[in-house]
Each structure stands twice: as structure tokens, then as C-alpha cells.
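# Architecture at a glance
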Amino acid sequence: MSEQWGFYFDPNRCIGCHACAIACKNRHGVDEEGVDWRRVEHVESGTFPDLTGTNISLSCMHCADPPCAKVCPAGAIEKRESDGIVTVDQDACIGCHYCGWACPYGAPQYGSDGLMQKCNLCLDTGPGSGVDSPAKQDQERPLKPACADECVGEALHVGPMDELMDRASQKAAEAFRDSDDDVNIIVEPFSGNADRTDVAEEETAD
Amino acid sequence: MDATGLLWLERGHWGVTTAVYLFFAALGGGAYLTGVAAYALSETGKRRSHVTLARWAFLVALVAVSIAGIAILSHLADPLAGLLFPVTLTNFESWITRGTWILVSLGVFAAVQTLWFCFGELGRDSEGGSAFVRRIAGRLGLDGVADQIADRIRPSGSGFWVVAVLGLVPALGTVYTGFELAAVETVPLWYHPTVLPGLFLASGVAAGIATALALTVAFDEANSRLVLVFTSAVGATLLVSVGLLWLLWTSLGNTPAGIESASKLTEGALYIPVVVLLAGIVVSLVGSPLLAWIGYVRSGPVMTGWVVRVSLVVSLVVGVVATFLIRYVVLLAAVKEPLVAVGV
Ligand code: SF4
Ligand code: SF4
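It should be emphasised that the depicted structure is a prediction, and the values quoted were computed from it without experimental measurement.

## A short note on the site of ligand 1
The environment of ligand 1 is formed by 14 residues, the closest being Cys60, Met61, Cys63, Cys68 and Cys103 of chain A. For the shell around ligand 1, the class distribution of residues is twelve nonpolar, one polar and one charged.

## Here we look at the site of ligand 2
Around ligand 2, the structure places Cys72, Pro73, Ile77, Cys93, Ile94, Gly95, Cys96, His97, Cys99, Tyr110 and Met116 of chain A. Residues of the shell around ligand 2, tallied by class, amount to nine nonpolar, two polar and no charged.

## Considerations on the UniProt feature "transmembrane region" (unreviewed entry) in chain B
Residues and elements named next belong to chain B. Per the UniProt record, "transmembrane region" (unreviewed entry) is annotated on residues 20-41, 53-75, 95-119, 159-179, 199-219, 226-249, 269-294 and 306-330. What you have in residues 159-179 is 90% helix and 0% strand, and the ends, taken at the C-alpha atoms, are 32 Å apart. The annotated region residues 226-249 carries 100% helix and 0% strand content, and the separation between its end C-alpha atoms amounts to 34 Å.

## Topic: helix H14 (residues 271-298) of chain B
Each α-helix winds once per 3.6 residues, and so residues spaced three or four apart point in a common direction. Its 28 residues place the ends of H14 of chain B 39 Å apart at the C-alpha level, agreeing with the 40 Å of an ideal helix rising 1.5 Å per residue. Taking the largest bend as the criterion, H14 of chain B deviates by roughly 30°, centred on Gly287 of chain B, and proline Pro289 of chain B comes between one and four positions later.

## As for the sheet that holds strand E8 (residues 156-160) of chain A
Residue and element names in this part refer to chain A. Read from one edge to the other, the open sheet built from three strands follows the order E8-E1-E9, with strand pairing classed as mixed. Only two strands of the sheet have a single partner each, and these edge strands are E8 and strand E9 (185-187). Each adjacent strand pair in this sheet contributes to an overall mean axis angle of 20°, direction not counted. Of the pairings in the sheet, the one linking strand E1 (residues 5-9) to E8 comprises five bridges and is antiparallel in character. What sits directly across from Tyr8, in E8, is His157.

## Overview of the interface of chain A and chain B
Across the boundary between the two partners, chain A contributes 36 residues, which contact 39 residues of chain B. A combined buried area of about 2,900 Å² lies between chain A and chain B, and 66% of that area is made up of carbon and sulfur atoms. When the buried area of chain A at its contact with chain B is split by residue, Ile94, Tyr98 and Trp101 of chain A rank highest and sum to 30% of it. Counting every contact that joins chain A to chain B gives zero salt bridges. There are 18 residue pairs in polar contact (both at pLDDT 80 or more) connecting chain A and chain B. The element that contributes the greatest number of residues to the side of chain A that touches chain B is strand E2 (residues 39-45) of chain A, accounting for five residues.

## Some remarks on the packing of helix H12 (residues 224-250) of chain B against helix H15 (residues 306-332) of chain B
Residues and elements named next belong to chain B. Between H12 and H15, whose axes approach to 12 Å, the crossing angle comes to 25°. On the basis of the axis angle, H12 is roughly parallel to H15. Crossing geometry of H12 relative to H15 is assigned as left-handed. Listed contacts from H15 to Val227, Thr231, Val234, Leu238, Leu245 and Leu248 of H12 are Leu312, Leu316, Thr323, Ile326 and Val330. Looking at the contact of H12 with H15 residue by residue, the classes come out as nine nonpolar, two polar and no charged.

About the criteria used
- Residues numbered from 1 in each chain as written.
- Chains lettered and ligands numbered in written order.
- Predicted model: local features only at pLDDT ≥ 70, side-chain atom pairs only at ≥ 80, totals over all residues.
- Heavy atoms only, no water.
- Near = heavy atom within 4 Å.
- Nonpolar A, V, L, I, M, F, W, Y, C, P; charged D, E, K, R; others polar.
- UniProt positions renumbered as here; feature names shortened; annotations may be inferred.
- Helix = DSSP H or I, 4+ residues; strand = E, 2+ residues; numbered from the N terminus.
- Expected span 1.5 Å × (residues − 1).
- Bend = angle between axes of the 7 residues up to and from the residue.
- Pairing = 2+ DSSP bridges.
- Axes fitted to C-alpha atoms, helices over the stretch in contact; angles between N-to-C directions.
- Contact = heavy atoms within 4.5 Å.
- Buried area = accessible area lost by both parts, 1.4 Å probe.
- Salt bridge = Lys/Arg side-chain N within 4 Å of Asp/Glu carboxyl O.
- Polar contact = N/O pair within 3.5 Å; in protein donor to acceptor, adjacent residues only side chain to side chain.
- Parallel < 35°, antiparallel > 145°, perpendicular 65-115°, else oblique.
- Left-handed = near helix turned anticlockwise from the far one by under 90°.

See below:
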């Protein structure tokens, strides 16, 4: 793999505003309900009053060895050698939804046409786009992924994984390196409650 | 609010249509197997009731494969691409690609055997219910042509057996229906690469034998001994299915999705199908061989007594329904392993 693109996410900075999810929908013209290339979930644990909650912004992780591609009968899903981005060719997709079962992260989405669509790291815009795009790093004017661009708390970043590692804390970098999962996302350890309006205020003040 | 620190994922990718597809594909394999076995016991076609069972079995295999094909095509967003599978399905690592080839090959073998058993040497003198295809062809004036084609393409002696045995490869290959689900690592109910394929194969064979046998007993003169032998095979394959169901249940595990699947199977909407499934298997497993035995003891070589015959048909049909419900509940109780939120 000449380069591997992916994500960096800091749940401590995420305020759960859904701006990333909405920006993604707008960028790719995906307005169908229930079709979310990126979504934000609030996850809680414990019992009242000792509840801890965190926000998670989730999309395709552009896995190193994607299980979705393995099960796809039509060979419509490709792990690109050039930039490690996993794309889906909707002209080849037959809409069997097998990839929906195989993906451990719920990334494949199906619109009313029944064909698979998902995050393409903004290689291009629209469902199924980006298949023939040049490598992200070789594009003349690459699109800055809308999710990261619009993130209010600067919780989400996109780039080549080695560059994202420079941003990561030691703990997050180690966790990423030691992880058995072959997903391309670095996640900062969560250190408190997710009521982080302070981060938003901080960012707005900047 | 779920306060477990887990993020549950959507799982409604497949529904009843897929259960129908998985069921009929395996039933088709079981029926083909029944046809070959019945003919093997027929002393090269001399025992008419064996040939009748084989004729029904190959017909059932052909119809089942066709239904499976229609079900899978209707489930696809692009059915035309499904029809063009030799060009469109290029990833042989996928069980859908492998399965499509298996299903289509089985369909070809079942069609050829149906032609040979309904027309030509083995079909010409057929009578009773199993001759209905012949009668329809006769009404359309096509029986003569079909007889000629059947005789011309039917190899003699060992050639016939080579074709019959080659057809067993895709028939047993319908085990793929289990692998299709067992390949999904995210669903603990499915991720049993030996148990689930074994369960789908055993219950598919049971369904195939039971369907062909029920049609034979209902519409034709049935040889009591033949019925006894094949109902015993239904009982044996259902028994294996029960064992494998038990293994599947006990190996569900204590993961969140495993626990969730277990509660789906024992509570709520799937509770009644599960009860019907289990009751159906027990009724058919015990009832079918028992009724066949009663018929064998009471009748002469040909099974008589409408009460026994009707009860036997009902018992076999109940078994077939139960084997469909296995796929239905296994599909609808599937839960994907949730994500664990880091640090929560
Ligand atoms: S996250 Fe899911 S859709 Fe994305 S590459 Fe991995 S398996 Fe495929
Ligand atoms: S839905 Fe499309 S992309 Fe997904 S496995 Fe089926 S053919 Fe492949």
C-alpha cells in the first residue's frame, strides 16, 4: 500500500452536534432518511446517577483487509492500493446487501435503489463515486472531507495515517498500533463525561 | 436509554425472501439426492414405485431450485445483474458467487433428470399423479418430441450414472446455504462454520426426501417398504438436525449479541415460530417413520388405508414446514455484535 488514508477522532472534543453527519449528507447529496454515511451516536454506561456517556462519530473505517470486499459477489468493493480508501462501484453492485452483514461497523448503507453506498473519504461526490479517482494524495485539488472540515470541536481529522499519528497522544497511538482490528481510525481515550460544550465555546472563541 | 456502553448496529439486511431462497435451494439438493437414491434402489428401473418416487424427487428438485432462483433474484436491487451472473459475479471468494454456480448447476441436472424420468424410456409408461407433466405435454402435443429428445440425449448404462452422480456434487453443494451465513463473523448466531452448514444440509435433505415422499404417497401407488426406508431417512436427517440445532443453541456464547439472539429466540415474535419448529420436527421425526411402519405392517406391498396415508402426508409436510422455520428463525434472530465505546 503506497499510502493509507483514515481518520483521527477525539471523543473528548466531540460535542455530539451532528455537524459532521449533516456536512457529509450535504456534500454527497444523500438526503434519504436512514442513509447515513457518517453518524453520531451517544453511548452511555453505568446506572443513574453514575452515568458516563460519550459521543462517537462513525463511518466506514477503510479497513486494511475489508470483510465487506471479501463477501461481495460482484467484486464491487475495492481496497485501493494507491491510498487505502475502500470504494464501491455502484455499476457493479447487484444490491445483495451481503456487505451490510459482513461489515462490523454498520458502514454500508442502502438507499431506495438498494445499491450500496458509503463513505469514500471524499474522493469525489455522490454515492458510488471515487472509484476511478486518482489517489487522494495525487489529486490536484482534493476535496477536504466535509465531516472533518465542518467539525465544530475539531474532534475529527482526516489524512494519511502516518500524519494522523503525529496528532495522536501516546496512548492513542499505542492503542492504534496494538489493536487487532484492522480499522484505519485513531481514537483518543475518553477521559470524562461527554457534556463538552466547553470545547465548543473554546473553538468558537478561537 | 441503553446504558451498557454498547452501540448496537442495524441488522435488517435480509428477511423472509432470503429464508425462502436458502430453504428451497437446500430442499432442491435433498430432493435430487432422493431421486438418485430411489433410482439406485429400483433395479435399473424395474421397480415402478421407485421410479415414481425418483420422478417426483427430480420434479421437486427442479421446482425448488426455480423458486430459490426467483427468490434470490427478487431480493436483489439489480435482478438483471443476477441473471447475468457469469459476467457479473466475479468474486469467487464470496459464498453468493459460489452458491449461484451451485444452484444453477443443480437446476441443470434436475432439469435433465426430470426430462429423463417424465419422458422417453423411463417416462413413457408412467401413470398416476407423477405423470402429470407428461399429460400436460400431451395436451400441448409435445410429448412425442419430448420422448424423442429424452431418448436421444439419455446415455445408456454407466453414462447415465455418471450424469446422476455428477449431479450429486451440486446437490450436496447446497451446503453452501449454511456457509453463506456462517461466513459472517459479526453475527454469533451464524458464525459456526461447521454446525450451521451441517444443519442446513441435514434439514435440506430431510425436506427434500419428505416433499418427494409426501407427493408419492398422496398421488401415487406407494410401495410400503420403499416408504418405510425413506421415512426412516427423513427421521434420521431430522434427528441429525435436532443435534445440530442443539449444538448451535449451546454454542451461542455469552457475548452481547449471542445473549440478544438467545432472548429473541425464546421471547417475543420468534417464540411461536421456534415452538412450531421444534414441535414440527418432533412430530415428523417420530410420526413419519411410525406411520410408515404401521402402513408397512397393515398393508401389503402397496400402502393402503387412507387414514394412515393422509396422516403420513401431514406428518411429512409438518417436517418440511419445520425445516423452513429453521432458516426463518436463524435469519430473524441474527444480531450483530455491538461496538464497545472506548473508555465508557
Ligand atoms: S468499515 Fe465496513 S464498509 Fe468500511 S471497509 Fe471496513 S468492512 Fe468495509
Ligand atoms: S450490496 Fe453491492 S457492494 Fe454490497 S456485497 Fe452486494 S454487490 Fe457487493
